[in-house]
Amino acid sequence: MKQKFYITTPIYYVNASPHIGHSYTTIAADTMARFMRGALKKENVLFLTGTDEHGQKIQKAADEAGLSAQEFVDKVVVQFKGLWEKLNISYDDFIRTTQQRHIATVQRALQLLYDKKEIYSAKYEGWYCTPCEIFWTQTQLSDSLCPDCKRPLEKIREVNYFFKISAYQSWLIDYIKNNPRFIQPASRQEEVLSFLHINTLSDLCISRPTQRLSWGIPVPFSKEHVTYVWFDALINYISAVGGFDAKGDYVSGWWGDDTQIVHMIGKDILRQHAVYWPIILKALGIRMPDTICAHGWWLIDAAKMSKSVGNVVNPLEMVDKYGIDVYRYFLLKDVPFGLDGNFSEEAIVRRFNSDLANDLGNLLYRTLTMVEKYYQGAVPSPRNEIYDERITRIVACLAGLHRQIEDALTATTFNFSLALEKIWEPVSMANKYVEDAKPWNLAKEGKKEELEAFIRILVDVIRQVGHSLSPFMPQTASQIEAQIGKNKINKGQPLFPRIENTR
RNA sequence: CGCGGGGUGGAGCAGCCUGGUAGCUCAUUAGGCUCAUAACCUAAAGGUCGAGAGUUCAAAUCUCUCCCCCGCAACCA
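Residues numbered from 1 in each chain as written. Chains lettered and ligands numbered in written order. Predicted model: local features only at pLDDT ≥ 70, side-chain atom pairs only at ≥ 80, totals over all residues. Heavy atoms only, no water.

Enquirer: Account for the pattern of salt bridges, naming residues and giving values.
Expert: For the structure on display, the rule yields 26 salt bridges. Here R37 makes a salt bridge to D92, at a shortest N to O gap of 3.2 Å. With R37 in helix α1 (residues 20–39) and D92 in the loop between α3 (69–86) and β3 (93–96), this residue pair connects regions lying 55 residues apart in the sequence. The network of salt bridges with common partners includes K333, D334, R351 and D355. (Salt bridge = Lys/Arg side-chain N within 4 Å of Asp/Glu carboxyl O. Helix = DSSP H or I, 4+ residues; strand = E, 2+ residues; numbered from the N terminus.)

Dropping the structure here:
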């Protein structure tokens, strides 16, 4: 494990409000960041999120809202930050592409690439739909009408700047093959490789004429152009944590060889991150990130989430209804990371009742009751002399738990659901052990020492589980800690009261 | 002949790379127990692993053919 850990979410495009997908990526990154803060020192972890604020669609959304672009993005950013606060997202830095630190780095990067002759200007030809403000290439068209609005298109010819990514295709293929951890999960790596084998990369158009779009970062070597949003956006990962020195070398405390760099993304933007981004870095002479981790999508009642269908899930509503940690738990547990998941409230309730109420919540509450009943609320002190075989097994399970979680999260593919399964193992063992130990008999028969050892191991399980849970469910972890107390319990109410079928 | 993902007990999935008694969670049923949130524990029922052919002593797993479902336009994690 490297000394430092730098994890990012994508910077979210602020032309609309955040939805379940944004919250999923961010919760996953937050959980990793929290876990790594425990594994490394807190100050050796940096968790970055932010917003992508330039481009045509934002300008259009701003126009529709009757605001200037800047006013519009300022407004939406507040929504995102509000959601992250509500979801308990522990980001260390929040970058906006309209910030000066970002603009300066993007412009410097462009100039460096231009000086290295990695960028050239060329005439660009395409079909333009003026009402939609969208460009279409010949191959996207079946007739001469706009695929979106079915209105006639206009043939436009203009000068734009292109980045020579085609020159890097074979380098990229080799790099991906030689670094199997670069794109995760492995199935995504195959996807990218097969894409690169089948297609020949064409140079990336990285500018837009100012006459058509003014809401962007000005290209330093042309007054008539602003930067294309994707080039602008990807640079955020380096502009947030460093900059170019006078010689044009990138300098950063978070991009050295001692840092593990992870970009958490959704599968829809894999192409940009696995193809464009490495090439940009390579051309600038900057090291590659360690891992690009692309997760799947959430389907809503088995259908693709879509603004036009109107089935977009608002995370705030779910959080208000079920609670932050229940929402976090559901997203991280219900689907193996990487695959598409199916979101429904029935599924949340099912998960809630079986895992949180029946298994974990019930274990905590029955234990609290026993401590209260048999020991008047005082937590028995550790007793090592009585160990039956089952206690030994539970102790071994607890001892190995941290390692198991670490393996699930770091050794393979950010397997959150597996990590949570591991945390539930001691919970289940403890619930079984209650049946075996029959504490009510121990109490009746006056077997004081056995009873104490028994209660003590339950308390140990709960403490350890609570601690292990803290990256995933931070609030729950502290609630458990508060209820089980140090020397004296604070019984309170059941942590996750079962949701009965009320429909 | 476009590309990719998938089809495993009622539901959701693992297993397939590296063939060898088909496994997990939930739901169902029966029993046990009472510390506990009708919770917990134990047990049972339930599958010709999409169809067919081939390789093999042996195929969910390898090969071939076919059938069906979902993405591959936009918003967008």
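Enquirer: Describe the nonpolar core, listing the residues and the values that go with them.
Expert: Within the largest apolar cluster, 103 residues are counted, with the highest numbers of intra-cluster contacts made by M264, F343, F416 and F472. Structurally, this core is a two-domain feature, drawing no fewer than three residues from each of domain 1 (4–295) and domain 2 (345–484). The contact partners of F416, leaving out residues within four places of it in the chain, are A28, T31, M32, M264, L332, F337, L409 and F472. Among the nonpolar cores identified, the runner-up in size contains 62 residues, and F195, Y237, I238 and I265 belong to it. (Core = buried A, V, L, I, M, F, W, Y, C linked by side-chain atoms within 4.5 Å. Buried < 20%, exposed > 50% of the residue type's maximum accessible area, 1.4 Å probe, protein only. Domains from an automatic or database assignment. Contact = heavy atoms within 4.5 Å.)

Enquirer: Talk me through the sheet that holds strand β7 (residues 183–184); I want residue IDs and the actual numbers.
Expert: Pairing in this open sheet of six strands is parallel, and the strands run β3-β2-β1-β13-β14-β7 from one edge to the other. On the outer flanks of this sheet lie β3 and β7, each paired with one strand and no other. Sheet analysis places strand β1 (residues 4–13) next to strand β13 (residues 259–266), joined by five bridges and oriented parallel. When the bridges of β13 are listed, Y6 appears paired with I261. (Pairing = 2+ DSSP bridges.)

Enquirer: Hey, could you go over unusual backbone geometry for me, with residue numbers and the actual values?
Expert: Following Q184, the chain continues to P185 via a peptide bond in cis, the omega torsion being -10°. As for its position among the elements, P185 is in the loop between β7 and α6 (186–198). In this model, N88 sits at a positive phi of 65°, which is unusual for a non-glycine residue. By secondary structure assignment, the location of N88 is in the loop between α3 and β3. Of note in this structure, Q376 is not a glycine but carries a positive phi near 55°.

Enquirer: Mind laying out the pairing of β1, listing which residues take part and the relevant values?
Expert: In terms of residue burial, β1 counts as a mostly covered element, since nine of its 10 residues are buried. Sheet analysis places β1 next to strand β2 (residues 45–52), joined by seven bridges and oriented parallel. Looking at the pairing, I11 lines up with G50 of β2. You can see the chain leave β1, run along α1 and come back into β2, and the turn it takes is right-handed. (Right-handed = clockwise from strand over helix to strand, strands pointing away.)

Enquirer: Give a description of the protein's contact with RNA strand B that names residues and reports values.
Expert: With respect to spatial proximity, 45 residues lie near RNA strand B, and among them N15, K57, G266, K307 and N362 are the closest. Atoms of RNA strand B within 4 Å of the protein belong to the sugar or the phosphate in 67% of instances, the rest to bases. Contact between RNA strand B and G361: a base oxygen at 2.9 Å from a main-chain N or O atom of the residue. Between RNA strand B and N431 there is a distance of 3.4 Å, counted from a sugar or linking oxygen to a backbone nitrogen or oxygen. Contributing elements (two or more residues each) for the surface near RNA strand B: β1, α1, β13, α12 (345–375) and α14 (416–437). (Near = heavy atom within 4 Å. Polar contact = N/O pair within 3.5 Å; in protein donor to acceptor, adjacent residues only side chain to side chain.)

Enquirer: Can you tell me about the domain arrangement of chain A, naming the residues and giving the values?
Expert: Taken domain by domain, chain A consists of domain 1 (4–295) and domain 2 (345–484). Just the C-alpha atoms count here: the centres of domain 1 and domain 2 sit 44 Å apart. With 14 residues of domain 1 at the contact, the number on the domain 2 side is 15 residues. When domain 1 packs against domain 2, the two sides together hide about 1,200 Å² of surface, and 77% of this comes from carbon and sulfur. For domain 1, the biggest contributors to the area lost against domain 2 are T31, M32 and F35; these three give 45% of the whole. For the pair domain 1 and domain 2, the interface holds zero salt bridges. (Buried area = accessible area lost by both parts, 1.4 Å probe.)

Enquirer: Can you explain the packing of α12 against helix α17 (residues 474–484)? Please cite residues and give values.
Expert: Viewed as axis vectors pointing N to C, α12 and α17 meet at an angle of 15°, and their least axial separation amounts to 11 Å. Taken as axis vectors, α12 and α17 run roughly parallel relative to one another. Crossing of α12 over α17 shows left-handed handedness. Only I480, Q483 and I484 of α17 make contact with α12, whose side of the interface consists of L360, L364 and L368. Taken together, the residues of the contact of α12 with α17 sort by class into five nonpolar, one polar and no charged. (Axes fitted to C-alpha atoms, helices over the stretch in contact; angles between N-to-C directions. Parallel < 35°, antiparallel > 145°, perpendicular 65-115°, else oblique. Left-handed = near helix turned anticlockwise from the far one by under 90°. Nonpolar A, V, L, I, M, F, W, Y, C, P; charged D, E, K, R; others polar.)

Enquirer: I'd like a description of helix α4 (residues 100–115), backed by residues and values.
Expert: Here α4 contains 16 residues, and its C-alpha end-to-end distance of 22 Å stays within 8% of the 22 Å for a straight helix at 1.5 Å per residue. K117 sits one or two residues past α4 and shows a positive phi near 65°. (Expected span 1.5 Å × (residues − 1).)

Enquirer: Describe the packing of aromatic side chains, listing the residues and the values that go with them.
Expert: A complete count under the given rule lists 24 aromatic pairs for this structure. Note on W298 and F343: the rings are 6.4 Å apart at their centroids and 85° apart in plane angle, and the pair reads as edge-to-face. Taken together, the residues span a long stretch of sequence, with W298 in strand β15 (residues 298–300) and F343 in strand β17 (residues 341–343) at a distance of 45 residues. By relative accessible area, W298 is classed as buried at 5%. (Phe/Tyr/Trp six-rings, centres within 6.5 Å; stacked < 30°, edge-to-face > 60°.)

Enquirer: Describe the side chain of H54, naming the residues involved and giving the relevant values.
Expert: Turning to its location among the elements, H54 is positioned in the loop between β2 and α2 (56–65). At 2.7 Å, the side chain of H54 forms a polar contact with the side chain of D232. With residues near it in sequence (within four places) discarded, H54 still touches Y13, T97, T98, W215, G216, I217, V229 and D232.

Enquirer: Before we move on, can you summarise the sheet that holds β15 with the specific residues and values?
Expert: Strand order in the open sheet made by the three strands is β16-β15-β17, with mixed pairing throughout. Among the strands making up the open sheet, the edge pair consists of β16 (303–304) and β17. When β15 meets β16, the two strands line up antiparallel, connected through two bridges. When the bridges of β16 are listed, I300 appears paired with A303.

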